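Observations on chain architecture
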Amino acid sequence: MVGPVTGAARPADGARERGTVLVTGCNGRIGTAVMARLSERFEDVVGLDRNAPTPPPPRCTRIAADLGNEASVEAALDALRAHLGTEIAAVVHLAAYYDFLGQPSPLYDAITVEGTRRVLRGLRSRCTVRQFIFSSTMLVHRPAEPGEFINEDWPLGATWAYPESKVRTEGLLRAERDDVPLVLLRLAGVYDDGCHSPPLAHQMQRIYERQLAARLYSGETSHGQAYVHLADVVDAIERTIERRDRLPPEVAVLIAEAETLSYDELQHTFQRLLLGASEETVTVPRPFAKLGAWLQNRLPGGNAFVRPWM
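Let's shift gears to the packing of aromatic side chains. Taken as a whole and assessed by the stated rule, the structure comprises five aromatic pairs. Measuring from centroid to centroid gives 6.0 Å for Y98 and W160, while their planes differ by 70 degrees, and the two rings are edge-to-face. Note that Y98 is positioned in the loop between β5 (90–93) and α3 (106–126) and W160 in the loop between β7 (132–137) and α4 (161–176), a separation of 62 residues in sequence. The class of Y98 is partly exposed, set by a relative accessible area of 35%. By relative accessible area, which is 11% here, W160 ends up buried. Among the aromatic residues, those joined into a ring-pair cluster are Y98, W160 and Y162.

Right under this line is the structure:
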């Protein structure tokens, strides 16, 4: 597990390494930050995303590519090879489908699983790839009990559609990578100085607005979700690329803060910071909580963040 880091070693005298880094999902919050950081290290940083209308970060290039469409991926990789050759120092594969509905969706297979297959096969047929980094999630692991510390060997046990798609994609990459070195970065929930984490943001909103739901919780308040700051994720990706010639041919790494705060600890901390005082959290039996979430989303104007599956 990787905690806060101070940044990887940079080339001396401001020189940038020769080589190309490809970042998929480059328009996202993580992808934009990764491209900006890697452009300080590498001469050519190229991003793929479904829409590429806005200017990329300085010294970066974007190519439009829809991972759900094989012809679109093929055309984008042809353009990449034509302009930058066949040597790829590293691929940072961030593109994936994600929603908070908690239900199976064909897009998990079309984008996350098959989109990854299209990218990997397309690159292998055109280029020499020195490293393929897959952005996975810690949620692929079976949940632990309070006081248990998981590591990379902890049993897999995804419990809903999003991490299940990551498990399938990890298996695909292991089966089809051939001689391409593979790194599975299993990320905790990512936040930054502006929050940008829907679960945390909605928890703070409920408290700030003094909603009744802010004092209710289904399940054990001693449980919690691991998180990691965006800056540490970017550092981890940069360090992974820096060590591409020293890592095993296939490795999985958890990326999270060393301490996981429980829901109760987060709740009381947010209450003190937002309201100046903390209140007791009331545990609601799960069937009643599911019914309440179901009703909230079916009443006129109802569009609550909390869903029954949560």
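Turning to unusual backbone geometry, a few remarks are in order. Among all residues except glycine, the phi angle is most often negative; among peptide bonds, the trans geometry is most common. The phi dihedral of R59 is positive, around 65 degrees, even though this residue is not glycine. Its location among the elements puts R59 in the loop between β2 (42–49) and β3 (60–64). A positive phi angle, near 60 degrees, is found at D178, a position not held by glycine. Mapped onto the elements of the fold, D178 is located in the loop between α4 and β8 (182–187).

Before going further, it helps to spend a moment on α3. Here α3 contains 21 residues, and its C-alpha end-to-end distance of 28 Å stays within 8% of the 30 Å for a straight helix at 1.5 Å per residue. Approximately 35 degrees is the largest bend angle found in α3, and it occurs at E114. Looking only at α3, the buried set comprises Y108, I111, T112, V113, G115, T116, R118, V119, L120, G122, L123 and R126. The elements touched by buried residues of α3 are β1 (17–24), α2 (70–84), β5, β6 (128–129), β7 and α4.

Once that is clear, we can look at the packing of α2 against α3. The N-to-C vectors of α2 and α3 enclose an angle of 35 degrees; their axes lie 10 Å apart at closest approach. Between α2 and α3 lies a crossing of right-handed hand. Two secondary-structure elements touch here, α2 through E70, V73, E74, L77, D78, L80 and R81 and α3 through R118, V119, G122, L123 and R126. Grouping the amino acids of the contact of α2 with α3 by side-chain chemistry returns five nonpolar, one polar and six charged.

Time to look at the pairing of β5. Side chains A90 and V92 of β5 all project onto a buried face; the interleaved residues V91 and H93 project onto the opposite face, where all are buried too. Where β1 meets β5, four bridges bridge the pair, whose relative direction is parallel. Looking at the pairing, V23 lines up with V92 of β5. Here β5 pairs with β7 via three bridges, running parallel.

Right, let's talk about the pairing of β8 for a bit. For β8, the buried fraction is high: six of the six residues fall into the buried class. Every second residue of β8 is oriented toward a common face, with L182, L184 and R186 on one face and V183, L185 and L187 on the other, all of them buried. In this region the chain leaves β7, passes through α4 and returns to the parallel neighbour β8; the handedness of that crossover is right-handed. Relative to strand β12 (residues 250–255), β8 runs parallel, the two being bridged by six bridges. Note on β12: the bridge partner recorded for V183 is V251.

Right, let's talk about a nonpolar patch on the surface for a bit. There is a patch of nonpolar side chains on the surface, built from Y208, L273 and L274 and spanning about 360 Å² of accessible area. Relative to the elements of secondary structure, L273 occurs in helix α7 (residues 263–275).

Cut-offs applied
- Residues numbered from 1 in each chain as written.
- Predicted model: local features only at pLDDT ≥ 70, side-chain atom pairs only at ≥ 80, totals over all residues.
- Heavy atoms only, no water.
- Phe/Tyr/Trp six-rings, centres within 6.5 Å; stacked < 30°, edge-to-face > 60°.
- Helix = DSSP H or I, 4+ residues; strand = E, 2+ residues; numbered from the N terminus.
- Buried < 20%, exposed > 50% of the residue type's maximum accessible area, 1.4 Å probe, protein only.
- Expected span 1.5 Å × (residues − 1).
- Bend = angle between axes of the 7 residues up to and from the residue.
- Contact = heavy atoms within 4.5 Å.
- Axes fitted to C-alpha atoms, helices over the stretch in contact; angles between N-to-C directions.
- Left-handed = near helix turned anticlockwise from the far one by under 90°.
- Nonpolar A, V, L, I, M, F, W, Y, C, P; charged D, E, K, R; others polar.
- Pairing = 2+ DSSP bridges.
- Right-handed = clockwise from strand over helix to strand, strands pointing away.
- Patch = residues over 30% accessible without salt bridge, like charges linked within 9 Å, V, L, I, M, F, W, Y side chains within 5 Å.
- Areas by Shrake-Rupley, 256 points an atom, 1.4 Å probe, with all protein chains shown as cover.
- Salt bridge = Lys/Arg side-chain N within 4 Å of Asp/Glu carboxyl O.

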